[in-house]
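Secondary and tertiary structure notes
Residues per chain, in single letters:
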Amino acid sequence: MRRLIATLLASAFALGVHAADFRVRVDGGHGRLPQSSSFHGFGCTGANRAPAVRWSQAPAGTRSYALTVYDPDAPTGSGWWHWVVVNLPVSSTALPAGGRLPAGALAVRNDYGQAAWGGPCPPEGDAPHRYVFTVYALDVPALELPDGASPALAGFMIHGHTLGKAQATLTYGR
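None of these values were measured; they are calculated from a predicted model.

This part takes up the state of the cysteines. Within this structure, the stated rule accounts for one disulfide. Cys-44 shares a disulfide with Cys-121; S-S distance 2.1 Å. Since a negative S-S torsion denotes a left-handed disulfide, the Cys-44-Cys-121 link at about 95° is right-handed. One end of the pair, Cys-44, is in strand S3 (residues 44-45); the other, Cys-121, is in the loop between strand S8 (106-108) and strand S9 (129-138), with 77 residues separating them in the sequence. Here the two residues Cys-44 and Cys-121 agree in accessibility, since each one is buried.

With antiparallel pairing, the three strands of this open sheet are ordered in space as S1-S4-S7. Edge strands, defined here as strands with exactly one partner in the open sheet, are strand S1 (23-26) and strand S7 (94-95). Strand direction decides the pairing type here: S1 and strand S4 (residues 53-56), joined by four bridges, are antiparallel. When the sheet's bridge partners are listed, Arg-25 is paired in S4 with Arg-54.

As a further point, take the sheet that holds strand S10 (residues 162-172). If you trace the five strands from one edge of the open sheet to the other, you get S8-S6-S5-S9-S10, paired in antiparallel fashion. Only two strands of the sheet have a single partner each, and these edge strands are S8 and S10. Shown here is a sheet whose adjacent strand axes are inclined to one another by a mean of 15°, direction ignored. Pairing analysis gives 10 bridges linking S9 to S10, with the strands arranged antiparallel. Residue pairing in the sheet places Leu-138 in a bridge with Thr-162 of S10. In the packing of helix H2 (residues 151-159) onto the sheet, the strands contacted are strand S5 (64-71), strand S6 (80-89), S8, S9 and S10, and the crossing angle to S6 comes to about 45°.

Conventions we followed
Residues numbered from 1 in each chain as written. Predicted model: local features only at pLDDT ≥ 70, side-chain atom pairs only at ≥ 80, totals over all residues. Heavy atoms only, no water. Disulfide = S-S within 2.5 Å. Helix = DSSP H or I, 4+ residues; strand = E, 2+ residues; numbered from the N terminus. Buried < 20%, exposed > 50% of the residue type's maximum accessible area, 1.4 Å probe, protein only. Pairing = 2+ DSSP bridges. Axes fitted to C-alpha atoms, helices over the stretch in contact; angles between N-to-C directions. Contact = heavy atoms within 4.5 Å.

This is the structure in structure tokens:
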């Protein structure tokens, strides 16, 4: 019995250490999203160009990835979903600037109502908002989401299959 408990604890520790190595990097200048990433509309004049996102050292057993970009500072009472991508193949380790998705990946409708990157556009005069980029390592090759799924439903499905996650937070203000 002691041997079984020791083996289980060692396995859990090894998985935890490996998951802790999971990293994500988002292109931006000194922790700030560039103006070119800003939304074009709602008074913002950016190019609405997604920054490049790279990840590495996913936990063992990863079969696909999901990516979310969330602004917890948006004045909505519930934040703002800027980008939700699921079914990123396990062979992928990056998304290029501009947000082109690999075959099989699916963009979920963001809070702008678009199934694509929706750049930052905080209210003028607000303190810079935080944009939390999270890459999730999932234990399934694909999530089964209905057409028109909301970010909340995608999040529910993502959290039910997460082996590990890596986060980077950038800011943007105007």
